[in-house]
Amino acid sequence: MRNAHLFLAILLSFFMSKSFAQNFKFGKYSPQEIELTSVDFDPDADAVVLGETSSNHFLRGFQYSAIHRRIKVLKESGKGRAVVGIRYYGSQNIQDIIKLNAQTINWENGTAKIVKLGKEDFFTVVHADGWKEVRFTFKNVQEGSILDYSYTKVNKSIRFLESWVFHNSIPTIKSSYIINIPTYLNYNFLAQGNQTIQCDFKQGDGIYKWEVSNLRSIREEPMISNYNDYLEKISFQLAGYAFANSGTYGGAVGFKESFTSWQELVQYITDSNDYSQYLKPNSSLLGQLKSFIPSQESETQKAKDIYQYVTDNFTFTGKTSFWPSKNLKAFLENKQGERQDINLTLLAYLRSNGITAYPLLISSKGNGHSNLVDSPFMDQFDQLIIYVNADSKDYFLDATNKSMPFGYLPLNFHANQGLIMREKDSGLIPLQMAHRSGIVQRVDIKFNEANNMVSESVVRFMEYDAITYLNKNLADPESMKSEILGINASKIASFEVEEKTEPRKLIETKFQILENKIDEETVFVSPFHFVRWSENPFKAEVRTFPVDFGFIFNDNYTAIIEIPEGYELDDYPEKINISIPGGNATFLYSVTILNNSVNINVSINFKNQLVSPVIYPDLKYFMEIITGKLKEPVVFKKASLP
Amino acid sequence: MFRKFCLLASYLAIAGIPHFLSAQIEVPTFSVLERKDFIVLNLDYSVNYKSEYSLLILDKRGLDHATMKMPHDKLNQIQNFEATIKNPITGKVIKKYRLKDLKEISYINNISLFDDTKLKIFELEGYQTPIMIDIQVERKTNHNFLIQSWIPVKNYNQKLKSASLDVQYPSSLGIRYKEENIDFEPEEVKVGELVIKKWLLENIEPVGQKSEEENPYISIAPKKFALEGYYSNMESWDGFGKFIGQLNKDKDKLPQDFKIKVQEMISGKDEPYEKISTLYTYLQQNYRYISISLGIGGWMPMASEDVIATKYGECKALTTLMKGMLNEAGISSQYTLVFGGDNPPLIDPEFPSNRFNHAFLRVPLEKDTLWLECTNTYLPAGFAGSFTMDRDVLVITENGGFLDRTPNYRTQKLHHYKNRYEIEMLESGDAKLRGQNIYQGFPSEDLISLKKYRSGSDIKNYLNKNIGGTGVIIIDYELETSQIREVPIAKVSYEGIVQRYGQQTTKRIILPSHWKKLKEEMVKSGILLWEEEILITIPTETEIESAPDSMQIKNEFFSFQVDVQSSDKGITIQNKLEVNFPIDITYEEKERLISEINEHFLKNIILKKI
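A brief structural summary. Every value quoted in this text rests on a predicted model; they were computed, and no experiment measured them.

**A word on the overall build of chain B**
Piece 1. Looking only at helices and strands, one finds nine helices and 38 strands in chain B.
Piece 2. Taking the principal axes of its C-alpha atoms as reference, chain B extends roughly 95 × 70 × 40 Å.
Piece 3. Counting all 610 residues of chain B, 39% fall into the buried class.
Piece 4. Taking contacts inside chain B between residues at least 6 apart in sequence as the whole, the part at least 24 apart equals 71%.

Set out below in structure tokens:
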């Protein structure tokens, strides 16, 4: 199956060196390129990458990436591609951009008219946090113009090479990555995507080349989290290097292999000074940590107290990495830092109270590694959280958000696996986060003496459904009311909200709605004032990427409708029991008639938060049925007089 | 866009102008500020700014009250910066910062490709509160075209202990000022040729985010002024106009071969609108909006000659080129300054000052005036859209300038929907759909832009979402765009299906009598004409149990008319909604009326299964 292939990623290792050449040259244009007016595999495209290469070599410990990209403007709207921004990490000159060339080529009566950009046309923008960007725009851009540009990116940091993504936001006819690895270096690489994996990449003598062709443009869709998993991409990580240490008596030469196992990688990280302070605080720091005394006895209660203390007392700057931005001492002093600083501090507090806790690296959704490769490849991870075992139960914690209750993680952190960083036996472990999220609703519809319809609802938002509101700061009565019943909700007689944390997080809302007096011949009663989706969120006919609902859930709605005085039950919605192919989502709607009431029971169950694009049309129809069905009325008719 | 104004706007926005909260609610104090500001205008038109702040931060949420972002470029220099962080209890100095310690980043907006202004940034990071900060800043601008407004309290939850402002200027230069929420006259001191005006504010309690009244501030504007060797007097709009006129001088001159091209394009066209439309379309198709803002380039347009060579330019340049082309075609037009976007600042006709961030073109014709938005690439000539509508603008004439107002576009021809749906109900509960929707004026903008910029699948998705109610899947469509003079029109004919049209019970099928809901964005201007015709063919095994009666509702804000005709085979419903909300309608009232109109749409058609 296509998707299974796309998820595949392989990891290999290689060596060796020498020079290489390429035949895609700046300023030389083929007749096919000149004549091209549309792309057969993406006919809507308004511009196309005719070709791009990244040619890489190492010199005096630096990596040089010579990048050349050629774009053709196919339609007037494609002229927007003529603005280019090249970002690089310019802090301490870790990266730099040199040898910039750019030109527009137009053909007028068969003759090429070239407009080159000069030095004055390239601008350097300084962003915050050490990032810089070279910006420029091509001149005299018209429909049919070719935009050709090249530059070299110099990279001082060669432990992790920059990944190359073959996809672009416009279709790509050909994209190549070539690397020449000298004998003193050894890299592991991680190939992602069907074409990249299948490349015959060994060119001999330390030269490796991946070339992919005819890639469609990648566009974002609603409810998608793992878009990056689908990109054709190649990543590198240093696996070892040759060294010659003249400082040692008699000198020493050899080859240092880095990261042959998860444990080695973990060791490399945790041995750093800043890390070790969090993991093994000295006695003075330990004294500081112990000055906070949890009020409760059990491990779980202690862990909850500590979690609360850390979320209350330390401020998250919004930045994230897995290298601490400061050591424990500094962090305890100024009380604000990055995610890893906060979480490692949480770990230090937990450990100082005798609770088992380890750092856990994960790849959050959108980071492009939903399925981790079980090989010590650091580039897969982007977040550090904490694994805790308290009273023999596992918890996964991130202490950066005060409104996130103990034991819950942000939805984009719901990964399948993570790297647990122990003193020994580090490796990938599954992240099992048991929760029973969903919306439970009970509606009682009665008719008062004046024959006004009175509808009383209790709606409970369980676990992640509650957290969704809490994180958006929508859990106060006014916001909940407008979220649930709309801004203009009239006829609301009362509305209450209650938040509960034990044993599980939930928000309970209770509201009463007074309808008009009923006196018509036929009365239509739609029982549910609130449903998870008021209308089908899916409008597109087809879809490229899976739909991600964020978390699994089980909704249960019950309505008990009293048959009004002087009326009889005439009609009601038909029962239904359907599921999407594969059975990962089900919808059950049933009606029970009792003596003087009608009971409606609804269950909506999503067993897997991801729905494959292959069954998207079924999902769309399924959702259309749910949203339509939940609006269907029960019909009462005036009872005929005896 | 005009860079320098944007820059100033963002510089002020960083601080914001907090408002007073109603007195009942007590607002916590995150910081207490004492400040002294000095503005000195020099005879060479340069301006020195000196500020001394003493800020006591009590709560960590007030740490960003110390943040300063200061522009630094050819026109603005920061001469000195010193900040001393102290323990407020012991008085012990914790740290000192100098100018060299400040971070520097580029001034980045989403409008310009590049702007040569840099921002020097001072931020407090990693300090515990309470903390005391003393800051001294000295800056200089080499012009007095823009003089910084004085906004003594820039943060919510900030208490102002005292704030003084001294403005010193040579009497030969003069200044103008406008006080807001300050009810006393400044003290005036004269020293020879120099005049010093002094304001002092004390003990202003902190304000929270929800506000009703505005905080005190003083807008300051020059009389005689100069920027990079261009001089004028801003006491009148005419003087302001003269200055812009100097910057624009000769920028609209066209090269000879291009003049010939213009003549070729308009050859055989007699009507002025026809000529304007032809040249405007040429501009739209061949020139891109790109803003590169270097020095005075933030104010002065690129020369038309350069725009023609590069095929791009900023708003000023594209407007100037269009003006040049019209001039060649014998049509006179005026370069015009405007504040583009939502919530334009109010312009006080009696206080000329720069309140603009954008340029476009005014073309007076015999019977009406056209406004050309020269950065737009797809709308008809003369339809400038919501970006510049209904606001005061400064029209630059040959020798000066004057204020004019753009149209508010409150006319039905610019807010017209006409939808016709043919729906054939199927036994499965789905339906076949055919139809034609005509969007005129503002409602057509999305489709015209989609047609130009997006793929067929994007257009289908848009239609699925917007054509009618829920469940639509368009299989085939044809989208035509056209115009009646300046009014844009999009006409789309389509075929598709509707998944789960209406609702089913055991005995009945319930269908909507109005397929689409009224949404706020459809009545943004308060005017709407919406005609809808639905032809429903019902399955043979059903009969009509009930249908809404034909009816007509009319009140001062809207009228709604429904005409229902039914037969054995089906039903034809014609709906007509005309909305005419008052210009000054409140948000709440609008929401209430929308909801009332939607209530009228809720009537159902009930089919009974036989």
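**Focus on the pairing of strand β5 (residues 76-86) of chain B**
Residues and elements named next belong to chain B.
Piece 1. As judged from the ten bridges shared by β5 and strand β10 (residues 131-141), these two strands associate in the antiparallel manner. Residue pairing in the sheet places Lys 86 in a bridge with Met 132 of β10.
Piece 2. Adjacent in sequence and paired antiparallel, β5 and strand β6 (residues 93-98) are bridged by six residues, among which Gly 91 carries a positive phi angle near 80°.

**A look at the sheet that holds strand β14 (residues 194-204) of chain B**
All names here are of chain B.
Piece 1. Overall, mixed pairing links the eight strands, which are arranged β6-β5-β10-β3-β2-β11-β14-β13 in an open sheet. Each having just a single partner strand, β6 and β13 (187-191) make up the two edges of the open sheet. Between one strand axis and the next, the sheet turns through 10° on average, direction left out of account.
Piece 2. When strand β2 (residues 31-41) meets strand β3 (residues 47-57), the two strands line up antiparallel, connected through eleven bridges.

**Overview of the sheet that holds strand β22 (residues 334-338) of chain B**
Where strands meet in a sheet, backbone hydrogen bonds hold them as pairs that are either parallel or antiparallel.
All names here are of chain B.
Piece 1. The strand order β24-β23-β22-β25-β26 describes an open sheet built from five strands, whose pairing is antiparallel. On the outer flanks of this sheet lie β24 (369-372) and β26 (401-405), each paired with one strand and no other. Across the sheet, the mean angle separating the axes of adjacent strands is 35° when strand polarity is ignored.
Piece 2. Pairing analysis gives five bridges linking β22 to strand β23 (residues 358-364), with the strands arranged antiparallel.

**A few points about the interface of chain B and chain A**
Piece 1. Each partner contributes residues to the interface: chain B has 39 residues there, and chain A has 39 residues.
Piece 2. Within the residue set of the side of chain B that touches chain A, elements represented by two or more residues are β7 (103-106), α7 (445-453), α8 (456-466), β31 (503-504) and α9 (587-601) of chain B.

**Comments concerning the nonpolar core**
For soluble globular proteins, the rule of thumb is that nonpolar side chains tend to be buried together.
All names here are of chain B.
Piece 1. The biggest cluster of nonpolar side chains holds 111 residues, and the ones touching the most others in it are Leu 318, Met 322, Leu 372 and Ile 423.
Piece 2. For this core, the element with the most residues is helix α6 (residues 315-328), which contributes seven residues.
Piece 3. Once residues lying within four places of it in the same chain are set aside, the contact partners of Ile 423 are Ala 431, Leu 433, Val 498, Tyr 501, Ile 534, Leu 535 and Ile 536.

**Structural notes on the packing of helix α3 (residues 256-266) of chain B against helix α4 (residues 272-286) of chain B**
Residues and elements named next belong to chain B.
Piece 1. Close contact between α3 and α4 brings their axes to 9 Å; oriented N to C, the two are set at 125°. Looking at the two axes, α3 sits oblique to α4. Seen from above, α3 lies across α4 with right-handed handedness. Of the residues in α4, those in contact with Val 262, Met 265 and Ile 266 of α3 are Lys 275, Thr 278, Leu 279 and Tyr 282.
Piece 2. In terms of residue class, the contact of α3 with α4 is built from five nonpolar, one polar and one charged.

**Describing unusual backbone geometry**
Among all residues save glycine, negative phi is the norm, and among peptide bonds the norm is trans.
Residues and elements named next belong to chain B.
Piece 1. Residue Pro 130 is bonded to the preceding Thr 129 through a cis peptide linkage, with omega at 0°.
Piece 2. The topology assignment puts Pro 130 in the loop between β9 (118-122) and β10.
Piece 3. In this structure, Asn 157 is a non-glycine residue whose phi angle is positive, near 55°.
Piece 4. Within the fold, Asn 157 resides in the loop between β10 and β11 (158-170).

**Concerning helix α7 (residues 299-313) of chain A**
Residue and element names in this part refer to chain A.
Piece 1. With 15 residues, α7 extends 21 Å between its outermost C-alpha atoms, agreeing within 8% with the 21 Å of an ideal straight helix rising 1.5 Å per residue.
Piece 2. Turning to α7, its buried residues are Glu 299, Lys 302, Ala 303, Lys 304, Ile 306, Tyr 307, Val 310 and Thr 311.
Piece 3. Taken together, the buried residues of α7 touch α9 (339-352), β20 (383-390) and β21 (393-397).

**Examining the environment of Ala 559 of chain A**
Residues and elements named next belong to chain A.
Piece 1. Checked against the element boundaries, Ala 559 lands in strand β30 (residues 553-562).
Piece 2. Once the C-alpha coordinates of Ala 559 and Ser 526 are considered, the two residues, 33 residues apart in sequence, prove to be 9.8 Å apart.
Piece 3. Discounting residues that sit within four places of it in the chain, Ala 559 has contacts with Val 443, Ile 445, Pro 527, Phe 528 and Ile 600.

**Thoughts on the packing of α4 of chain B against α6 of chain B**
All names here are of chain B.
Piece 1. Viewed as axis vectors pointing N to C, α4 and α6 meet at an angle of 145°, and their least axial separation amounts to 10 Å. For α4 against α6, the interelement crossing comes out right-handed. Between α4 and α6, the residues in contact are Ile 276, Leu 279, Tyr 280 and Leu 283 and Leu 318, Leu 321, Met 322, Met 325 and Leu 326, respectively.
Piece 2. Here the contact of α4 with α6 is built from residues that sort into nine nonpolar, no polar and no charged.

Cut-off values and rules
- Residue positions within a chain follow its written sequence, with the count starting from 1.
- For this description, chains carry letters from A and ligands carry numbers from 1, given in the order in which they are written.
- In keeping with the predicted nature of the model, local features appear solely for residues at pLDDT of at least 70, side-chain atom pairs appear and are counted solely at 80 or more, and the whole-chain, interface and lining totals rest on all residues.
- For helices the rule is a DSSP run of H or I covering at least 4 residues; for strands it is a run of E covering at least 2, with both sets numbered from the N terminus onward.
- Buried, partly exposed and exposed are defined by the number of other C-beta atoms within 10 Å of a residue's own C-beta, namely 20 or more, between the two limits, and 12 or fewer respectively, with C-beta atoms placed from the backbone.
- By the convention adopted here, residues are in contact when the distance between their C-beta atoms, placed from the backbone, does not exceed 7 Å.
- Each pair of strands is called paired provided DSSP finds at least two bridges between the two strands.
- Where helices are involved, their axes are fitted lines through C-alpha atoms of the stretch in contact, as for all axes, and angles between N-to-C directions lie from 0 to 180°.
- Remark: nonpolar core denotes a set of buried Ala, Val, Leu, Ile, Met, Phe, Trp, Tyr and Cys residues whose joining runs through C-beta atoms within 7 Å.
- By definition in this entry, angles of less than 35 degrees are roughly parallel, angles greater than 145 are roughly antiparallel, angles of 65 to 115 are roughly perpendicular, and the rest are oblique.
- Each crossing gets its handedness from the near helix: less than a right angle anticlockwise from the far helix is left-handed, clockwise is right-handed.
- Asp, Glu, Lys and Arg are counted as charged, while Ala, Val, Leu, Ile, Met, Phe, Trp, Tyr, Cys and Pro are counted as nonpolar; the rest, among them Gly, fall into the polar class.
- Helix span, as expected, comes to 1.5 Å for every residue beyond the first.

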